[in-house]
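Here's the letter readout for the chains.
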Amino acid sequence: MADKLTTQKRLVAYFSMEIALENAMPSYSGGLGVLAGDTIRAAADLKLPMVAISLLYRKGFFTQILSEDGVQTEEPAEWRVEDFLKEEPARVSVPLENRRVELRCWRYDAVGARGHIVPIYFLDADLPSNEERDRNLTGSLYGGDSYYRLCQEVLLGIGGVRMLRALGYEDISRYHMNEGHAALLTLELLGEEAEKAGRESVIGEDIEKVRRKCVFTTHTPVPAGHDRFPMEFLTRAFPEQTGFFNLKDASSAELLKRVLQAESNFPDLHDAARRGASVNMTQLALGLSNFVNGVAKKHGEVSRRMFPEFLIEAITNGVHAATWAAPAFQQLFDRYIPSWREDNYSLRSALGLPVEEVWAAHLISKHELFETVRLKTGLKLDPEVFTIGFARRATSYKRADLILSDLDRLREIVKNAGKFQIVFAGKAHPNDGSGKEIIKKIFKAKKALKKNVQIVFLDNYNMELGGKITAGVDLWLNTPQFPLEASGTSGMKAALNGVPSLSILDGWWVEGHIEGVTGWSIGELHRGTDVSTDNAGEAESLYHKLGDVILPLYYNDRQKFLEVMLHAIAINGSFFNTQRMVQQYVTDAYLR
Ligand SMILES: *Cc1c(COP(=O)(O)O)cnc(C)c1O
């Protein structure tokens, strides 16, 4: 049966390796996926003609198991796909090595505030017609080795474009690559252009046509974070090299040279592979996009420094307001700012909200978090006590342990300025040894500080927990090593719920911070883009702000503290949302 949606013209196809749609669907690992989900929800609210493509992961990311000492082990997060998604009849196949991998897809509808639907299609290789190893390609997110990852990216990029065609989406104006994982879609589009012109090989004209349609958002401020594969992987995956990489004139050779970082003008792919060349997915996406952006103004600057030969702009990330406002705040906004769901900008009038009601909504959110803490750990936290939240992926640059640098200092702060407690959560990537060490360190500090500072670590950080923690604490702590936090979004969720940030001036906080008005900074604004290594100085600044500024405000001048809470909503909640962000993508990128 022909579906009205699929025959409709779509402006944008949004490709992402992970998309967070529902807590019970383990289709994401963290920030990138949450951003993708929030983008799609905002696009649906704005009635944007968008369609999205991702991969299905039957074993999800993973379930985090923590021992008494904070040792993390992982288990697959199996789920019943049919409970959430609807299978589509369309089938496509993708060449891989000397086989063809057949793909089907499963559909999820994101429904906007005014009923508009953005369909998301999850590609699935788990079909009986495929060999076992191919069926497993849509098994786990960021699992397996580097070649496994490349094969997944082949399915996402090349399989994704083919699936769009099979579903009837012939006429798509923009292909938006959310990070470099989807960059191979450009090769499929090049192949399509050549085929349309009746040619076997790709020429510069095709590149221009494809480039006009592609938009690329880069998220990673360190070179090591960019996907790079040995060329040998590509010649292994595509031994015939027909269509893909079959570039045959001067301007296409120029592109190939850059992507492969090869020396000769017409690099022979097999020869390049033998000589150890690698393919850089970011270079591929950069070379074939008409609009490229970083995810915060500072990150734009860092990206331009990394890739000086490209024009890179910045569109600062946001969060989906109606998803991340806690139930108590949703009710408060519905009552006083009824248009806030369709018009997030109207949250600026939060400055006029009755402070007693804001405080009451905050206490309800705090109570809900503490109830979750009790259910997960058996611990009862005192709601009168100032509570700090820190939840994000456990990895070294995020420095969850910065606040634990000097435990005696923390004891002193409690004595002089008042009690506080800390709620932590976060998964370490299975292969990230130093991330796992950080979790153990937090467990150790928890024991050492038992009599002075109550610390809880909640396992299995996910969307639901993220929502509870960002809304239910009194202060959101963020201590990344500058400039490695490309944007960060959890502080935006906190702001929407009136929770101010205490943060390093990195990512979005460079733009969202007004000292003492929307929150507080740790350290000074960094010039340039060099990585900060001043752990001691930044810890000192953190202790000073906490002990001398924030705790005294909370305990001795609650009215002033509440003013900061109102400004967090009015100044930051009204701006750092995906409604504003998607509107910027429309005007700056999609309609360019
Ligand atoms: C919001 C969110 C993130 C991203 O937060 P950052 O501030 O970018 O670290 C990651 N994981 C979950 C579950 C989230 O809800």
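Here the structure is a predicted model, which means the values were calculated and not measured. (Residues numbered from 1 in each chain as written. Predicted model: local features only at pLDDT ≥ 70, side-chain atom pairs only at ≥ 80, totals over all residues. Heavy atoms only, no water.)

Novice: Can you help me understand the overall build of the protein in this one?
Specialist: Per the secondary structure count, the protein includes 22 helices and 20 strands. For the protein, the C-alpha radius of gyration of 24 Å lies close to 25 Å, the compact-globule estimate for 592 residues. Each principal axis of the C-alpha distribution contributes one length, and for the protein these read about 75 × 50 × 45 Å. Looking at the protein as a whole, 62% of its 592 residues are labelled buried. For the protein, the share of sequence-separated contacts (at least 6 apart) that also reach a separation of at least 24 residues comes to 73%. As presented, the protein carries roughly 22,500 Å² of accessible surface, and 50% of it is formed by carbon and sulfur atoms. Computed over 70 positive and 77 negative side-chain charges, the inter-centroid distance for the protein is 1 Å. (Helix = DSSP H or I, 4+ residues; strand = E, 2+ residues; numbered from the N terminus. Rg over C-alpha atoms; globule rule 2.2 N^0.38 Å. Buried < 20%, exposed > 50% of the residue type's maximum accessible area, 1.4 Å probe, protein only. Contact = heavy atoms within 4.5 Å. Areas by Shrake-Rupley, 256 points an atom, 1.4 Å probe, with all protein chains shown as cover. Lys, Arg positive; Asp, Glu negative; His and termini not counted. Charge placed at Lys NZ, Arg CZ, Asp CG, Glu CD.)

Novice: Explanation requested: the sheet that holds strand 18 (residues 475-478) in the structure shown.
Specialist: Strand pairing in a sheet takes place through backbone hydrogen bonds and is either antiparallel or parallel in direction. Taken in spatial order, the six strands make up an open sheet running 17-16-15-18-19-20, and their pairing is parallel. The open sheet has two free edges, formed respectively by strand 17 (454-458) and strand 20 (519-522), since each of these has just one partner strand. On average, adjacent strands in this sheet sit at an angle of 20 degrees to one another, irrespective of strand direction. Both strand 15 (residues 386-391) and strand 18 contribute to a ladder of two bridges, which runs parallel. Residue G389 lies in a different strand from strand 18, and its bridge partner there is W476. (Pairing = 2+ DSSP bridges. Axes fitted to C-alpha atoms, helices over the stretch in contact; angles between N-to-C directions.)

Novice: What am I meant to see in the packing of aromatic side chains here?
Specialist: Aromatic ring pairs: the centre-centre distance and the angle between the two ring planes describe each pair. Scanning all chains against the criterion turns up 20 aromatic pairs. For the pair F333 and W340, a centre-to-centre distance of 5.1 Å together with 65 degrees between the ring planes defines the contact as edge-to-face. Geometrically, the ring pair formed by F386 and Y554 is edge-to-face, given 4.8 Å between the ring centres and 65 degrees between the ring planes. Of this pair, F386 sits in strand 15 while Y554 sits in helix 20 (residues 535-556), and the two are 168 residues apart along the sequence. Residue F386 shares its accessibility class with Y554, and that shared class is buried. Grouped by ring-pair contacts, the aromatic residues W359, F386, W520, Y554, Y555 and F561 constitute a single cluster. Across the ring face of F390, the terminal group of R392 is positioned such that the distance to the ring centre comes to 4.4 Å. Its end group placed over the ring of F62, K427 keeps NZ or CZ at 4.9 Å from the ring centre. (Phe/Tyr/Trp six-rings, centres within 6.5 Å; stacked < 30°, edge-to-face > 60°. Lys NZ or Arg CZ within 6 Å of the ring centre and 35° of its normal.)

Read these as layout, nothing more, since geometry by itself doesn't imply function.
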